[in-house]
Structure formats: C-alpha cells, structure tokens
Amino acid sequence: MNPNPQEPTRAPDDGFDALLRQELRWEPPPELTLRLLNLVPGAPLLAALPPPRPKPWYSTLVLVLTAIAIGLSLAVAWQVYGLLGAELGLTAVFEQLRHAPLIGLQRLYEALPMSRYVVEILVAVRDQLHWLLLALVLWLAFDGAQPALQRVRG
C-alpha cells in the first residue's frame, strides 16, 4: 500500500528512479567535511583523503562538448579566413606559391641542362629513403608490440 495516496505507485526496481536517486544525492565538499571533523575532539585526521574525482559520465560529457566547441570554432574560423582570403586575393598568391617550385626547376633546367640528371638522382634517392623510413617505422612498431619477457627473480 502506498502511504501517500496522491503519489502514484511505482515498482521498486524502476531504473529511472534509481538513477535519479543516485545522481541527486548530495555529497558535502571535502573541505567542509575536514573543517567539521576538526571541530570534533578525538576525531581522526582525514587530511590524507584523496581528492574527489568526477564521475565517468561527467568527464565523457565534458570531453564531447569540448570537442564540439573546438570543431565549431575551427569551422567558423575556416569560413571567416576563406572569405577574407577571397577578398584580399590570397588565392592567387597561394596558386603562385604552388607553381613556384615548377617554375624554379624549369629555369634551372634552361640555365644548366645537366642539372636535370642531378634532380632525377635526388628524386630517386628520396624515394628510396621514403621506403627505408617506412620499413623502419613498421619494424619498430612490430618490434615494440611484442611483450618483453621479464626475468623472474627467485
């Protein structure tokens, strides 16, 4: 029987009710607890209490909201800088900078025709170093992934 006839009867295993009870429970701040316990003679010293940690759902919520805020800020900044760049003619400057190495190589080839072979050798060396670096990174990744055997001391 329900002692209060104005409240509806609920099942004792209502999940939402249990969640609300858990989340709406108030815990006093640790500083207040320490101050109150210091007023009581003979109370144990609780200065070595670990600091309270936020609940995992709260940390996750803050992380998600922060990521959304950063994403929105970057999107707005991208739009603003894009409009400013279009107004100031920065797209033409970036296009010229993108073609500058090709123009420089073409002028080098015209001034020194033998430089074409030197550039080709440097490109081939760069490609080989790229594959060597890739193999080194993979080797270190797979070598580090194996658990190290620990010595048992007896």
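Because the structure is a prediction, the values reported are computed rather than measured. Residue positions within a chain follow its written sequence, with the count starting from 1. A pLDDT threshold of at least 70 governs which residues receive local features in this predicted model, and a stricter bar of 80 or more applies before side-chain atom pairs are shown or counted, although totals over entire chains, interfaces and linings include all residues. Only hydrogens and water are set aside; all other atoms, that is, all heavy atoms of the structure, feed into the side-chain values.

Turning our eyes to something else, we now look at the overall build of the protein chain. In this description a helix means any DSSP run of H or I spanning at least four residues, a strand means any run of E spanning at least two, and both kinds are numbered starting from the N terminus. A tally of helices and strands in the protein chain yields five helices and zero strands. Secondary structure elements of the protein chain, listed N to C terminal, follow the sequence α-α-α-α-α. Per-residue accessibility, obtained with a 1.4 Å probe over protein chains only, is compared with the maximum for each type, and a residue is labelled buried under 20%, exposed over 50%, and partly exposed between these values. Counting across all 154 residues of the protein chain, residues that qualify as buried make up 3%. The Shrake-Rupley method, run with a 1.4 Å probe, gives the accessible areas here. Residue values count only the displayed protein chains as cover. Entry remark: accessible area of the protein chain is about 15,000 Å², with carbon and sulfur atoms responsible for 69%.

Our next topic: the UniProt feature "transmembrane region" (unreviewed entry) in the protein chain. UniProt positions are given in the numbering used here, feature names are shortened, and annotations may be inferred rather than shown by experiment. According to UniProt, the positions carrying the feature "transmembrane region" (unreviewed entry) are residues 61-81. End C-alpha atoms of residues 61-81 are separated by 30 Å, and the span's content is 100% helix alongside 0% strand.

Moving on, we get to the packing of aromatic side chains. Whether two aromatic rings pair depends on their centres lying within 6.5 Å, for rings of Phe, Tyr and Trp, where Trp uses its six-membered ring; planes under 30 degrees apart make the pair stacked, over 60 edge-to-face, and the rest tilted. Tallied over the entire structure, the rule returns one aromatic pair. Over the aromatic face of Tyr109 sits the side chain of Arg116, whose NZ or CZ is 4.2 Å from the ring centroid. Any Lys NZ or Arg CZ found within 6 Å of a ring centre and within 35 degrees of that ring's normal is scored as a charge over the ring.

By definition, a salt bridge exists where a carboxyl oxygen of Asp or Glu is found within 4 Å of a side-chain nitrogen of Lys or Arg. Across all of its chains, the model carries two salt bridges by this definition. Close ionic contact of Glu95 with Arg98 constitutes a salt bridge, the shortest N to O distance being 2.6 Å. Remark: Arg98 and Glu95 occur in helix H4 (residues 90-111); sequence separation between them is three residues, near one turn of the helix. Under the relative-accessibility criterion, Glu95 is labelled partly exposed at 36%.

Here Ser115 lies in helix H5 (residues 115-145). Two N or O atoms count as a polar contact when they lie within 3.5 Å, although within protein this holds only if one can serve as hydrogen donor and the other as acceptor, and sequence-adjacent residues are included solely when both atoms are side-chain atoms. A polar contact is formed between the side chain of Ser115 and the backbone oxygen of Leu112, at a distance of 2.5 Å. In this view, Ser115 contacts Leu108 and Tyr109; residues no more than four positions away in its chain are not counted. Contacts are assigned to residue pairs with any non-hydrogen atoms lying within 4.5 Å of each other.

In this analysis, the expected span of each helix is defined as 1.5 Å times one less than the number of residues it contains. An ideal rise of 1.5 Å per residue puts 32 Å on 22 residues; H4 measures up with 31 Å between its terminal C-alpha atoms. Bend angle per residue: angle between axes fitted to the 7 residues ending at that residue and the 7 residues starting there. For H4, the principal kink sits at His99 and spans about 40 degrees; a proline, Pro101, occurs within the next four residues.

Confidence of the predictor in every single residue is expressed as pLDDT, which spans 0 to 100. Considering every residue of the protein chain, the mean pLDDT works out to 83; 79% of them sit at 70 or more. Within the protein chain, the element-level pLDDT minimum falls on helix H1 (residues 15-23), averaging 78, and the maximum on helix H3 (residues 56-88), averaging 94.

Moving on, we come to a nonpolar patch on the surface. A surface patch of nonpolar side chains, amounting to about 930 Å² of accessible area, comprises Val76, Val80, Tyr81, Leu84, Leu88, Leu90, Val93, Phe94 and Leu97. Of all the secondary-structure elements, those providing two or more residues to the nonpolar patch are H3 and H4. Among the elements that take part in the nonpolar patch, H3 stands out by supplying five residues, more than any other. Patch construction takes residues with relative accessible area above 30% that form no salt bridge. Like charges are linked within 9 Å, and nonpolar side chains (Val, Leu, Ile, Met, Phe, Trp, Tyr) are linked within 5 Å.

Moving on: the environment of Arg116. Tracing the backbone shows Arg116 in helix H5. With relative accessibility at 38%, the residue Arg116 sits in the partly exposed group. C-alpha of Arg116 to C-alpha of Gln106: the two residues are ten residues apart in sequence and 9.4 Å apart in space.

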